[in-house]
Amino acid sequence: MDIEEIQSICMGFPCAEAEIKWRSDLVFMVGRRMFCMVDLEAVPPVVSFKVTDEEYDELSVSPGFNPAPWFA
């Protein structure tokens, strides 16, 4: 999946907005609350997103999963 696909999915949510924060992070928000962040300097790009507690438990055992500490 490339950045354009991620952007298309995220901007498909009602009232979604995107902006660059912290120099190189493409952040997607609804109502100024972040739900997805893409590190544009990482190769390949690193994507972080918010999930429910149940989804976190399921995803945390997936290969390549790394929790993002700033998405508490």
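Residues numbered from 1 in each chain as written. Predicted model: local features only at pLDDT ≥ 70, side-chain atom pairs only at ≥ 80, totals over all residues. Heavy atoms only, no water.

A short note on unusual backbone geometry
Here the bond from V43 into P44 is cis, since omega is -5°, no more than 30 degrees from zero. Note on placement: P44 falls in the loop between β3 (33-39) and β4 (46-49). Even without being a glycine, C15 presents a positive backbone phi close to 65°. Among the structural elements, C15 can be located in the loop between α1 (3-11) and β1 (16-21). C15 sits in the exposed class, given a relative accessible area of 65%. (Helix = DSSP H or I, 4+ residues; strand = E, 2+ residues; numbered from the N terminus. Buried < 20%, exposed > 50% of the residue type's maximum accessible area, 1.4 Å probe, protein only.)

What about the packing of aromatic side chains?
Across all of its chains, the model carries 2 aromatic pairs by this definition. Measuring from centroid to centroid gives 5.4 Å for F13 and F35, while their planes differ by 80°, and the two rings are edge-to-face. In this pair, F13 sits in the loop between α1 and β1 while F35 sits in strand β3, placing the two residues 22 residues apart along the sequence. Looking at F13, the relative accessible area reads 44%, which means it is partly exposed. Taking the centre distance of 6.5 Å and the plane angle of 40° together, the rings of F28 and F35 count as tilted. Accessibility classification places F28 together with F35 in one group, the buried group. Here the aromatic residues F13, F28 and F35 are joined through ring pairs into a cluster of three or more. If you follow K21 out to its NZ or CZ, it ends over the ring of W22, 5.8 Å from the centre. (Phe/Tyr/Trp six-rings, centres within 6.5 Å; stacked < 30°, edge-to-face > 60°. Lys NZ or Arg CZ within 6 Å of the ring centre and 35° of its normal.)

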